[in-house]
Amino acid sequence: MFEFPENFLWGSAISANQAEGAFQEGGRGLSNIDMIPYGPRRMDVKLGNVPHPSLQPDEYYPSHTGIDFYHHYREDIAMMAEMGIRVFRTSISWSRIFPSGDEETPNSDGIAFYRDMFLECKKFGIEPLVTLSHFDIPMGLVETYGSWRSRKVIGFFLRYAETCFKEFSGLVHYWLTFNEINILLHSPFSGAGIAFQEGENRNQVIYQAAHHVLLASAQAVRLAHQYSADNQVGCMLAGGSFYPYSCNPADVWESVKKEQENLFFIDVQARGSYPSYAEKMFREKGVELVMEDQDLEILKTCVDFISFSYYSSRCVAADLEGKAVNDGNIVRSVKNPYLQTSQWGWAIDPLGLRITMNQLYDRYQKPLFIVENGLGAKDEINDDGSIDDDYRIDYLRQHIQAMRDAMEDGVPLIGYITWSGIDLVASSTGQMSKRYGFIYVDKQNDGSGSLERRRKKSFYWYQKVISSNGRCLDS
Ligand code: BG6
């Protein structure tokens, strides 16, 4: 019978931009995510179709208030500690540390806020796992430099990263450079602050920006190692294998190409160079990367582990004619007839997690870390105040079983982090009704609500999973 290692890191996640709120407190500057409204304009802004996004007085911006984690973090961390988590994943809001992005010195209030939050974690013996940029870049850098289009932004990011390594040294050992780095391809403004001008070659802009992001990531890994031998740094992929719709070789080839596109960034971060298929891919997309002499040398610094989010597998076909499409985590996919979907149309595929883990480990031979997995669903409060989210428990149980199977297959895994520990703003839609947490937050899509926190049934279930070190998965 398989046993999880005693030091296995069970945990839960949030991100600064979906939880903190307090967008203008403590000296924080505006960030790309603050410009993304709730409602019909949301998608256009996220995709970078609005060249100069600005705040509109009649619109609601969910990130401005989040779940007010900024003022509730002690209470929220205490509740997650009660659940028994061993690792808490969050991100640092870059514009809390460098409000415009290009200042010489950091904002001391921002540093104090995160130091206190990490100390709070330590108080409960919780290890923080910190993402430096979770869909987050100061608007100052977007407006003045065009975000990651500019090579100058690498220097600003490294100043920010170095500040974090120095200020939180001894408090944080696990770092991720960029959340779901591949999402830059699909959602350029939310992913990386990139908005397009009319008529631009979007691929050129995206891959040039990605080159800068990759250089920044590699140099941040090097810096983290210089600061402390205890620092471990991972890349972060929006994971989920691409299945061919059928055994028609044309479908299989389509899936190979999609995998390559999806793993492109991780190939660089984990193997230290552009993959063999890059040259042709760039040619076909009309991309000519501008590089400096030392760039290929810089990229040789690799990450220590591969982290990824997993919500569902994807499915692709060479010919889309007559095939239904279903929404996935930003990446669209042909509907897989063998899988059920969530209320938001995301395919539910626990075995897909085992497949993804095996494939990632085969390819990279580095330890894996699942840093997001969960089910977005509507929750109802019973008359007695309880919330019976058995659907969430079922989803998580099946995925933990699949993860255990993959570990038995021989895949080394550092830990398992659910998305999310507590309800927060959904990244894709901006909704609160798409709930992922073990802790319910009384806040609605329009921003109303008392912000009261309450434990769901899944809270007690996960508590048992962790205290039994994964032996007991029953509710
Ligand atoms: C990942 C992100 O894409 O998926 C999270 O890293 C996000 O920020 C999560 O919240 C779930 O997506 P959504 O759109 O349902 O919130």
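Higher on the page you've got the structure.
Counting starts from 1 at the beginning of each chain's written sequence and moves along it residue by residue. Given that the model is predicted, a residue must reach a pLDDT of at least 70 before its local features are reported, and side-chain atom pairs must reach 80 or more before they are shown or counted; all residues, however, enter totals for whole chains, interfaces and linings. Computation of side-chain values: all heavy atoms of the structure, hydrogens and water removed.

Let's talk about the overall build of the protein
Just so we agree on the cut-off: Helix and strand definitions follow DSSP, with helices as H or I runs of at least four residues and strands as E runs of at least two, each counted in order from the N terminus. Our radius of gyration is a C-alpha quantity, and the globule rule it is checked against amounts to 2.2 Å times the number of residues to the power 0.38. Burial status follows relative accessibility: with a 1.4 Å probe on protein chains alone, a residue under 20% of its type maximum counts as buried, one over 50% as exposed, and anything between as partly exposed. Whether two residues touch is decided by their heavy atoms; if any such pair falls within 4.5 Å, the residues are in contact. Surface accessibility in these figures is a Shrake-Rupley result with a 1.4 Å probe; residues are shielded only by whichever protein chains are displayed. Charge counting treats Lys and Arg as positive and Asp and Glu as negative, with His and both chain ends excluded. Note that the charge is assigned to NZ on lysines, CZ on arginines, CG on aspartates and CD on glutamates.
For the protein, the count of helices and strands is 15 helices and 14 strands. The C-alpha atoms of the protein give 21 Å as radius of gyration, which agrees with the globular expectation for 475 residues (23 Å, within 12%). By its C-alpha atoms, the protein is 60 × 55 × 50 Å across when sized along the principal axes. Buried residues in the protein amount to 61% of all 475 residues. Within the protein, residue pairs in contact and separated by at least 24 positions form 75% of the contacts whose partners lie at least 6 positions apart. Counting only carbon and sulfur atoms, one obtains 49% of the accessible surface of the protein, whose full area is about 18000 Å². Computed over 46 positive and 62 negative side-chain charges, the inter-centroid distance for the protein is 2 Å.

A closer look at the side chain of Lys-46
Condition: Here a salt bridge means any side-chain nitrogen of Lys or Arg lying within 4 Å of a carboxyl oxygen belonging to Asp or Glu. Any N or O atom pair separated by 3.5 Å or less is treated as a polar contact, with the protein-specific requirement of one donor-capable and one acceptor-capable atom, and with residues adjacent in sequence counted only for side-chain atom pairs.
Structurally, Lys-46 can be placed in helix H2 (residues 42-46). No salt bridge is formed by the buried Lys-46; the nearest opposite charge belongs to Glu-180, separated by 8.7 Å. Polar contacts involving the side chain of Lys-46 include one to the main-chain carbonyl oxygen of Ser-427, which spans 3.1 Å. Residue contacts for Lys-46: discarding those within four places in its chain leaves Ile-36, Ser-187, Pro-188, Phe-189, Ser-190, Ser-427 and Ser-428.

Structural notes on the site of the ligand
The criterion, for reference: Summary of the distance rule: residues count as near a molecule or strand when at least one heavy atom falls within 4 Å of that molecule or strand. For this classification, the nonpolar set comprises Ala, Val, Leu, Ile, Met, Phe, Trp, Tyr, Cys and Pro, the charged set comprises Asp, Glu, Lys and Arg, and every other residue, Gly included, is treated as polar.
The immediate surroundings of the ligand are formed by 15 residues, with Glu-180, Glu-372, Ser-428, Lys-434 and Tyr-436 found nearest. Take His-134: an N or O atom from its side chain is 2.9 Å from an oxygen atom of the ligand. Looking at side-chain class alone, the shell around the ligand contains 6 nonpolar, 6 polar and 3 charged residues.

Some words on the nonpolar core
Short version of the rule: Here, the term nonpolar core denotes a set of buried Ala, Val, Leu, Ile, Met, Phe, Trp, Tyr and Cys residues that are joined through side-chain atoms within 4.5 Å.
Ranked by internal contacts, the top residues of the largest apolar core, which has 154 residues, are Trp-10, Phe-88, Trp-148, Phe-157, Met-357, Met-403 and Tyr-462. Sorting elements by how many residues they give to this core places helix H9 (residues 202-227) first, with 14 residues. When near neighbours in sequence (up to four residues on either side) are disregarded, Phe-157 contacts Trp-94, Leu-132, Ser-133, Trp-148, Thr-177, Phe-178, Ala-216 and Ala-220.

Section: the sheet that holds strand E11 (residues 368-372)
Convention followed: Criterion used throughout: strands pair if DSSP finds at least two bridges between them. For helices, the axis comes from a line fit to the C-alpha atoms of the stretch in contact; other axes are also lines fit to C-alpha atoms, and the angle between any two N-to-C directions lies between 0 and 180 degrees.
Overall, parallel pairing links the 8 strands, which are arranged E1-E2-E3-E4-E5-E7-E11-E12 in a closed barrel. In this sheet, adjacent strand axes meet at a mean angle of 25° when their direction is disregarded. Together, strand E4 (174-178), strand E5 (232-238) and strand E7 (305-309) form the strand contacts of helix H10 (residues 249-271), whose direction differs from that of E5 by roughly 165°.

Here we look at the side chain of Asp-379
Looking at where Asp-379 falls in the secondary structure, it is placed in the loop between E11 and helix H14 (390-408). Judged by relative accessible area, which is 9%, Asp-379 ranks as buried. One polar contact links Asp-379 to Tyr-391, side chain to side chain, over a distance of 2.6 Å. A distance of 3.2 Å separates the side chain of Asp-379 from the side chain of Arg-392, its partner in a polar contact. If we ignore the near neighbours within four places in the chain, the residues touching Asp-379 are Ile-387, Asp-389, Tyr-391, Arg-392, Arg-435, Tyr-440 and Lys-456.

Quick notes on the packing of helix H7 (residues 152-167) against H9
The cut-off we apply is this: In these notes the angle categories are as follows: under 35 degrees is roughly parallel, over 145 is roughly antiparallel, 65 to 115 is roughly perpendicular, and the rest is oblique. Should the near helix be turned anticlockwise from the far one by less than a right angle, the crossing is left-handed, and should it be turned clockwise, the crossing is right-handed.
Between H7 and H9, whose axes approach to 9 Å, the crossing angle comes to 25°. When the axis of H7 is compared with that of H9, the two are roughly parallel. As for the relative orientation of H7 and H9, their crossing is right-handed in sense. Judged by residue contacts, Ile-154, Phe-157, Leu-158, Ala-161, Glu-162, Phe-165 and Lys-166 of H7 engage His-212, Leu-215, Ala-216, Gln-219, Ala-220, Leu-223, Ala-224 and Tyr-227 from H9.

A short note on the pattern of salt bridges
With the rule as written, the count across this model stands at 33 salt bridges. Put simply, Glu-59 and Arg-41 hold a salt bridge, and the shortest N to O gap is 2.7 Å. Of the two residues, Glu-59 sits in the loop between H2 and helix H3 (69-83) while Arg-41 sits in the loop between helix H1 (16-19) and H2, which places them 18 residues apart along the sequence. Through salt bridges with shared partners, a single network forms among Asp-379, Asp-389, Arg-392, Asp-423, Arg-435 and Lys-456.

Let's talk about helix H13 (residues 350-364)
The test is simple: How far a helix is expected to stretch is found by multiplying one less than its residue total by 1.5 Å. This arc corresponds to the set of directions leading from the helix axis out to the C-beta atoms.
Taking 1.5 Å of rise per residue, 15 residues should cover 21 Å, and H13 covers 22 Å from first to last C-alpha, within 8% of that figure. Every buried residue belonging to H13 is among Pro-350, Gly-352, Leu-353, Thr-356, Met-357, Leu-360, Tyr-361 and Tyr-364, and all of these are buried. For H13, the buried positions fall inside an angular range of 160° around the axis, keeping them on one side. Facing away from the buried side of H13 by more than 90 degrees, the exposed set consists of Leu-351 and Asp-362. Trailing H13 by a residue or two, Gln-365 shows a phi angle of about 55°, which is positive.

Focus: the pairing of strand E2 (residues 87-91)
Counting buried positions along E2 yields 5 of 5 residues, so the element is predominantly enclosed. Residues Val-87, Arg-89 and Ser-91 point to one face of E2 and Phe-88 and Thr-90 to the other, with burial holding for every one of them. In this structure, strand E1 (residues 9-13) lies alongside E2, joined through 3 bridges in parallel fashion. Paired with Gly-11 across the strands is Val-87, a residue of E2. Two strands pair when backbone bridges link them, and E2 and strand E3 (residues 127-133) are joined in this way by 5 bridges, in the parallel orientation. Across the sheet, Thr-90 pairs through a bridge with Val-130, a residue of E3.

Remarks on a nonpolar patch on the surface
So the rule is basically this: Distance thresholds for patches are 9 Å for like charges and 5 Å for nonpolar side chains (Val, Leu, Ile, Met, Phe, Trp, Tyr), applied to residues having over 30% relative accessible area and no salt bridge.
Judged by side-chain polarity, Val-252, Trp-253 and Val-256 come together as a nonpolar surface patch covering roughly 250 Å² of accessible area. Within the secondary structure, Val-252 is located in helix H10. Classification of Val-252 as partly exposed rests on a relative accessible area of 33%.

Just distances and angles here, no functional claims.
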